[in-house]
Amino acid sequence: DTGVSQNPRHKITKRGQNVTFRCDPISEHNRLYWYRQTLGQGPEFLTYFQNEAQLEKSRLLSDRFSAERPKGSFSTLEIQRTEQGDSAMYLCASSLGDGAYQETQYFGPGTRLLVL
Amino acid sequence: GENVEQHPSTLSVQEGDSAVIKCTYSDSASNYFPWYKQELGKGPQLIIDIRSNVGEKKDQRIAVTLNKTAKHFSLHITETQPEDSAVYFCAAPSKAGRRALTFGSGTRLQVQP
């Protein structure tokens, strides 16, 4: 399968714990995005990387959230001191683009987080 | 930033009928409008998109129309089938020149066999 992959698919944690999610984009895609989706809502943008540079960040990305893409390939999203309000589906998407043209974002299956 | 509104929130049709989902956007500079289909437990999957230099685009049973003056775009599914049952999301760039997408709140389509 050459699509976007995410691990783990499900994560249950206790409030206050740290969690880390991984996203592997489609091979050679230079752009990578993180979105959050709560039940019954559309995805909400969190952050975006072009290669290893983090170029856009949403106000939703509080200080407890950090994302990295150290080698311009896979990315990790870490949430520190989780809160119950962090419970959501965390979606990763990737795209291939080299200019101002908006290209298709391909989504992974998501990581569902439940904070108890 | 962009504001995307989507209607209806739920839609039930008989197999073989057509389904239409409508979205409005606020930023007149927006120039890219994708539609995604999301099945239970899966990530959104692009089904069709349209750019602001065209008014309509078709792909088999699916079509999207864009009215830039009125700032709205619509998804049309003809000859619906039970496997079309899913949640559909429209989206637009959060801000001109930015990569982030702003999504509508979704439409749950149920195709009754």
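Refer to the structure presented above.
Report follows, based on the coordinates. Remember, predicted model here, so these are calculated numbers, not experimental data. (Residues numbered from 1 in each chain as written. Chains lettered and ligands numbered in written order. Predicted model: local features only at pLDDT ≥ 70, side-chain atom pairs only at ≥ 80, totals over all residues. Heavy atoms only, no water.)

A short note on the state of the cysteines
Going by this rule: Any two cysteine sulfur atoms lying within 2.5 Å of each other are counted as a disulfide. Going along the chain from the N terminus, every DSSP run of H or I of four or more residues is numbered as a helix, and every run of E of two or more is numbered as a strand. Note on exposure labels: buried denotes an accessible area under 20% of the residue type's maximum, exposed denotes more than 50%, and partly exposed covers the range between, all computed with a 1.4 Å probe on protein chains only.
With the rule as written, the count across this model stands at 2 disulfides over all chains. Through a disulfide, C23 of chain A is tied to C92 of chain A; the S-S separation comes to 1.9 Å. An S-S torsion of about -65 degrees defines the bridge between C23 of chain A and C92 of chain A as left-handed. Of this pair, C23 of chain A sits in strand β3 (residues 19-24) while C92 of chain A sits in strand β9 (residues 88-95), and the two are 69 residues apart along the sequence. Accessibility expressed as a relative area gives 0% for C23 of chain A, which makes it buried. Its relative accessible area of 0% is what places C92 of chain A among the buried residues. What pairs with C23 of chain B in a disulfide is C90 of chain B, and their sulfur atoms sit 1.9 Å apart. For the disulfide bridge between C23 of chain B and C90 of chain B, the dihedral angle about the S-S bond is near -95 degrees, and by the sign convention the bridge is left-handed.

Looking at the interface of chain A and chain B
What counts, and what does not: Contacts were defined at the residue level, with two residues in contact if any of their heavy atoms lie within 4.5 Å. Buried area: the sum, over both parts, of the accessible surface (1.4 Å probe) that disappears when the two are put together. Take a side-chain nitrogen of Lys or Arg and a carboxyl oxygen of Asp or Glu: if they are within 4 Å of each other, that pair is a salt bridge. Polar contact is the term for a pair of N or O atoms within 3.5 Å; when the atoms are in protein, one must be able to donate a hydrogen and the other to accept it, and sequence-neighboring residues count only if both atoms are side-chain atoms.
At the interface, 23 residues of chain A touch 19 residues of chain B. Overall, the association of chain A and chain B removes approximately 1,700 Å² of surface from exposure, summing both partners, and the carbon and sulfur fraction of that is 50%. When the area that chain A buries against chain B is broken down by residue, the three leading residues are E56, Q102 and F107 of chain A, summing to 33%. Taken together, the connections running from chain A to chain B amount to 1 salt bridge. Run the count over chain A and chain B and you get 7 residue pairs in polar contact (both at pLDDT 80 or more). Secondary-structure elements contributing two or more residues to the side of chain A that touches chain B are β4 (31-37) and β5 (44-50) of chain A.

A word on the pattern of salt bridges
Pairing of side chains with opposite charge becomes possible as their charged atoms draw close. A complete count under the given rule lists 9 salt bridges over all chains for this structure. A salt bridge links E103 of chain A to R99 of chain B; the shortest N-O distance between them is 3.5 Å. Remark: R99 of chain B occurs in the loop between β9 (86-93) and β10 (101-103) and E103 of chain A occurs in the loop between β9 and β10 (106-107); the pair is interchain, linking two chains. Here the two residues E103 of chain A and R99 of chain B agree in accessibility, since each one is buried. K42 of chain B is the partner of E39 of chain B in a salt bridge, and the nearest nitrogen-oxygen pair spans 3.4 Å. For E39 of chain B, a relative accessible area of 29% corresponds to the partly exposed category. In this structure, a network of salt bridges that share partners links the residues R31 and E103 of chain A together with R99 of chain B.

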